[in-house]
Amino acid sequence: RKEVEQDPGPFNVPEGATVAFNCTYSNSASQSFFWYRQDCRKEPKLLMSVYSSGNEDGRFTAQLNRASQYISLLIRDSKLSDSATYLCVVFTGGGNKLTFGTGTQLKVEL
Amino acid sequence: SAVISQKPSRDICQRGTSLTIQCQVDSQVTMMFWYRQQPGQSLTLIATANQGSEATYESGFVIDKFPISRPNLTFSTLTVSNMSPEDSSIYLCSVATMGTNEKLFFGSGTQLSVL
């Protein structure tokens, strides 16, 4: 089993739609969780951290479920500019290690 | 955040040659890392670049193949040695600015193609 697993997609959604991605992780000792965004042929950029209580940043909402070992990202009112690959990233303090998922591709269409 | 300049942005190289990738940061950072991202794959950590000492390599990566320099707190290089087509990948420099490596900032990457 991979340490961090994501549905690769692509998710093709119309502009204005709401879309959600899930990511599961295998190490129960994982401490911190992040979503990164990567545009085609570009470097990954931190989108948001994920906190146990859930957190929201504009149209983006991230949630963590420790019991089931998954995190989610919800995007409301999708824009064309949201088209990108979204990387789930898990930090394990014991190994001081970041593990990246392979990413979920989102395509927002007119 | 940090501004990271990475070069070259892309290169096409012949089998058996070596390429050195440079990473310059606009501020002093404690932690610098080199990642590889092969097509359709997740980012894989190659090594942590340590200032003033040998880099710390992850499993599957060795110094002879990927020598790394870190002469100061703002600069590092990664060399891909004796290249083969399997080394074709994107190589990314990254830094952590908050004392832990939880939140990373990446350079723009080097797209390497080996013929």
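Please refer to the structure higher up on the page.
A few points on the structure. A quick note: this is a predicted structure, and the numbers were derived from the prediction, not measured.

1. Topic: unusual backbone geometry
Glycine aside, negative phi is the norm for most residues, and most peptide bonds take the trans geometry.
All names here are of chain A.
1) Next: The linkage connecting Gly9 with the following residue, Pro10, adopts the cis geometry, with an omega of 10 degrees.
2) Next: If you trace the backbone, Pro10 turns up in the loop between strand E1 (4–6) and strand E2 (11–14).
3) Next: Of note in the backbone geometry, Gln69 takes a positive phi value of approximately 60 degrees without being a glycine.
4) Next: Look at Gln69 and you get buried, because its relative accessible area is 17%.
5) Next: The residue Asp77 is not glycine, and still its phi comes out positive at about 50 degrees.
6) Next: Residue placement: Asp77 occurs in the loop between strand E8 (70–75) and strand E9 (84–92).

2. Quick word on the pairing of strand E9 (residues 89–96) of chain B
Residues and elements named next belong to chain B.
1) Next: The buried fraction of E9 amounts to 7 of the 8 residues, a majority that puts the element mostly inside the structure.
2) Next: Direction of pairing for E9 relative to strand E11 (residues 110–114): antiparallel, over a ladder of 3 bridges. Each bridged residue has a counterpart across the sheet, and for Tyr91 the counterpart in E11 is Thr110.
3) Next: Of the pairings in the sheet, the one linking E9 to strand E10 (residues 104–106) comprises 3 bridges and is antiparallel in character. From the neighbouring strand, Ala96 faces E10, where its bridge partner is Leu104.

3. Description of the sheet that holds E1 of chain A
In a beta sheet, neighbouring strands pair by backbone hydrogen bonds and run either parallel or antiparallel.
Residue and element names in this part refer to chain A.
1) Next: Spatial ordering of the open sheet is given by E1-E3-E8-E7-E6, a layout of 5 strands whose pairing is antiparallel. Taken across any chain shown, the strands that pair with only one partner, and hence form the sheet edges, are E1 and strand E6 (55–57). Pairwise comparison of adjacent strand axes, ignoring direction, gives a mean angle of 20 degrees for this sheet.
2) Next: Pairing of E6 with strand E7 (residues 60–65) involves 3 bridges; the strand directions are antiparallel. Across the sheet, Asn55 pairs through a bridge with Ala62, a residue of E7.

4. Structural notes on the interface of chain B and chain A
1) Next: Each partner contributes to the interface: chain B provides 15 residues, whereas chain A provides 18 residues.
2) Next: Summed over both partners, the interface of chain B with chain A buries about 1,500 Å², with 54% contributed by carbon and sulfur atoms.
3) Next: At the surface where chain B touches chain A, the tally comes to 0 salt bridges.
4) Next: One can count 3 residue pairs in polar contact (both at pLDDT 80 or more) joining chain B with chain A.
5) Next: Contributions of two or more residues to the side of chain B that touches chain A are made by strand E4 (31–37) and E10 of chain B.
6) Next: Looking at which element gives the most residues to the side of chain B that touches chain A, the answer is E4 of chain B, with 3 residues.

5. Some points on the pairing of E11 of chain B
The two faces of the sheet receive side chains in turn, since in a regular strand these alternate between them.
Residue and element names in this part refer to chain B.
1) Next: The alternating pattern of E11 places Thr110, Leu112 and Val114 on a buried face, while none of Gln111 and Ser113, on the opposite face, is buried.
2) Next: As paired elements, strand E2 (residues 10–13) and E11 share 4 bridges and run parallel to each other. Paired with Asp11 across the two strands is Leu112, which belongs to E11.

Conventions we followed
- Residues numbered from 1 in each chain as written.
- Chains lettered and ligands numbered in written order.
- Predicted model: local features only at pLDDT ≥ 70, side-chain atom pairs only at ≥ 80, totals over all residues.
- Heavy atoms only, no water.
- Helix = DSSP H or I, 4+ residues; strand = E, 2+ residues; numbered from the N terminus.
- Buried < 20%, exposed > 50% of the residue type's maximum accessible area, 1.4 Å probe, protein only.
- Pairing = 2+ DSSP bridges.
- Axes fitted to C-alpha atoms, helices over the stretch in contact; angles between N-to-C directions.
- Contact = heavy atoms within 4.5 Å.
- Buried area = accessible area lost by both parts, 1.4 Å probe.
- Salt bridge = Lys/Arg side-chain N within 4 Å of Asp/Glu carboxyl O.
- Polar contact = N/O pair within 3.5 Å; in protein donor to acceptor, adjacent residues only side chain to side chain.

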